[in-house]
Amino acid sequence: MTITSLSVPPAAASVDAWHEVLTAAHTHDLPAGVPAPGRVETEGKLARSSASGRTVRLAATAPDGSYDGVASLLLFTDEGNRHTAFLDVLAVHPRARRRGVGAALWEAVRAELTADGRTSVSTLLELGGSGEEFAAGLGFGNVLPLGWYVQNVREALEAHPQPPELPEGYAYAQWAGVVPDAHADAFAEAHNAMEDAPSGDMDEQVTPWDAERVRAAAQVILDRGGVILSSAVLHAASGDAVAAYTELVLRDPSDVRAIQYDTVVTPAHRGRGLGRAVKRHMLGTVSVAQPGIREVATTVADDNGPMLAVNEGLGYRRERTAAVFQVKL
């Protein structure tokens, strides 16, 4: 076994080998109802880094050229987070477990972190599985408990046939892909309201959003072959300020389960039911734009009571538990 870095863009054979590890580990470790990543998603993430940083991609290569394990590390490049990083993937093929593959990958990841001057790293893990056990042995601790919640699109539409009527002065808006120029600055400002979302004891600073950054984040999803849909509530009296928004992502066009990214209501407009309204509006958007989507999944921190209440009212059910884990180096 040798640890190698992937070139960018990766060769097709490398994508296939990486994808095999991801899908085998997914099938082994997660409930049967959780869809595995599609190949388009795998190739896209290997070919295009996040807008938030630089990605290091490592593979544990077997003598026959196949991969026994893979790791993907995001080194943040924004000024406030150059001390930390996010371990997006560390997966070992079930056939190669208990052979030191994970440990070898972690040592290679740690070397990258040390060489780049990082003092902490975090990762998202399912609770109760082999990943949590492995991470705990390396000193990782649970810093943000959360859950995965899933909504059945058809059932939600049947239960809520129409989006709620908005208070006077508010209006719905929607778009696909990168935010239109007319809404870009207001959309960025609304993103900054995420600053008060629960973050536990994570060693990561909130980076201010501007129009350039929201455009770049959406463009990464598109460049990776995915789809991003946005629904918003605008407030005319504030110059069409974005009072609330939610984003839905298909990381692979073949997905039957979409991922809900941020849902935000800005502080000046809270208490008017806009969170529930914009999420229900998104249901109508996705049912027309992507009729193959059967489910929407999202993560919510355990101490985010307002969002948990909104989701419960729209038919989300808790599917499994997870948490952000972190270790100081």
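A short tour of the structure in this document, coming up. (Residues numbered from 1 in each chain as written. Predicted model: local features only at pLDDT ≥ 70, side-chain atom pairs only at ≥ 80, totals over all residues. Heavy atoms only, no water.)

This part takes up the packing of aromatic side chains. Applying the stated rule across the entire model yields 3 aromatic pairs. Between Trp106 and Phe140 the ring centres are 5.5 Å apart and the planes differ by 65 degrees, which places this aromatic pair in the edge-to-face class. Placement of Trp106 in helix H3 (residues 101-115) and of Phe140 in the loop between helix H4 (130-137) and strand E6 (141-152) is noted, with a sequence separation of 34 residues between them. Each member of the pair, Trp106 as well as Phe140, is classed as buried. When the ring of Phe187 is compared with that of Tyr245, the centres are 4.9 Å apart and the planes differ by 75 degrees; the resulting orientation is edge-to-face. On the criterion of sequence distance, the pair formed by Phe187 in helix H6 (residues 181-191) and Tyr245 in strand E9 (residues 241-250) is long-range, its members being 58 residues apart. (Phe/Tyr/Trp six-rings, centres within 6.5 Å; stacked < 30°, edge-to-face > 60°. Helix = DSSP H or I, 4+ residues; strand = E, 2+ residues; numbered from the N terminus. Buried < 20%, exposed > 50% of the residue type's maximum accessible area, 1.4 Å probe, protein only.)

In terms of burial, strand E3 (residues 67-76) is a largely internal element, 10 of the 10 residues being buried. Where strand E2 (residues 53-61) folds back onto E3 in an antiparallel hairpin, the turn is made up of 5 residues, including Gly65, whose phi is positive at roughly 95 degrees. Across 7 bridges, the pairing between E3 and strand E4 (residues 85-92) is antiparallel. If you follow Leu75 over to E4, its bridge partner there is Ala85. (Pairing = 2+ DSSP bridges.)

The terminal C-alpha atoms of helix H7 (residues 211-223) lie 18 Å apart, and with 13 residues this matches the ideal 18 Å at 1.5 Å per residue to within 8%. All of the buried residues in H7 are Ala211, Val214, Ala218, Val220 and Ile221. Tucked inside the fold, the buried residues of H7 contact H6, strand E8 (227-235), E9 and strand E10 (257-265). The positive-phi residue at the C-terminal boundary of H7 is Gly225, with phi of around 95 degrees. (Expected span 1.5 Å × (residues − 1). Contact = heavy atoms within 4.5 Å.)

Another aspect to go through is the packing of helix H1 (residues 12-29) against helix H2 (residues 39-47). At a closest axis distance of 10 Å, the pairing of H1 and H2 adopts a crossing angle of 120 degrees. One finds that H1 runs oblique with respect to H2. For H1 against H2, the interelement crossing comes out right-handed. Residues Ala12, Val15, Asp16, Trp18, His19 and Leu22 of H1 form the contact with H2, whose participating residues are Arg39, Thr42, Glu43 and Leu46. (Axes fitted to C-alpha atoms, helices over the stretch in contact; angles between N-to-C directions. Parallel < 35°, antiparallel > 145°, perpendicular 65-115°, else oblique. Left-handed = near helix turned anticlockwise from the far one by under 90°.)

Okay, the pattern of salt bridges next. One pass over the structure, following the stated rule, counts 19 salt bridges. Here Asp223 and Arg48 are joined by a salt bridge, their closest N and O atoms 3.2 Å apart. With a gap of 175 residues between them, Asp223 in helix H7 and Arg48 in the loop between H2 and E2 connect regions that are remote in the sequence. A relative accessible area of 43% places Asp223 in the partly exposed class. When its relative accessible area of 29% is taken as the criterion, Arg48 is described as partly exposed. Measuring nitrogen to oxygen at the nearest pair gives 2.3 Å for the salt bridge that ties Glu319 to Arg320. (Salt bridge = Lys/Arg side-chain N within 4 Å of Asp/Glu carboxyl O.)

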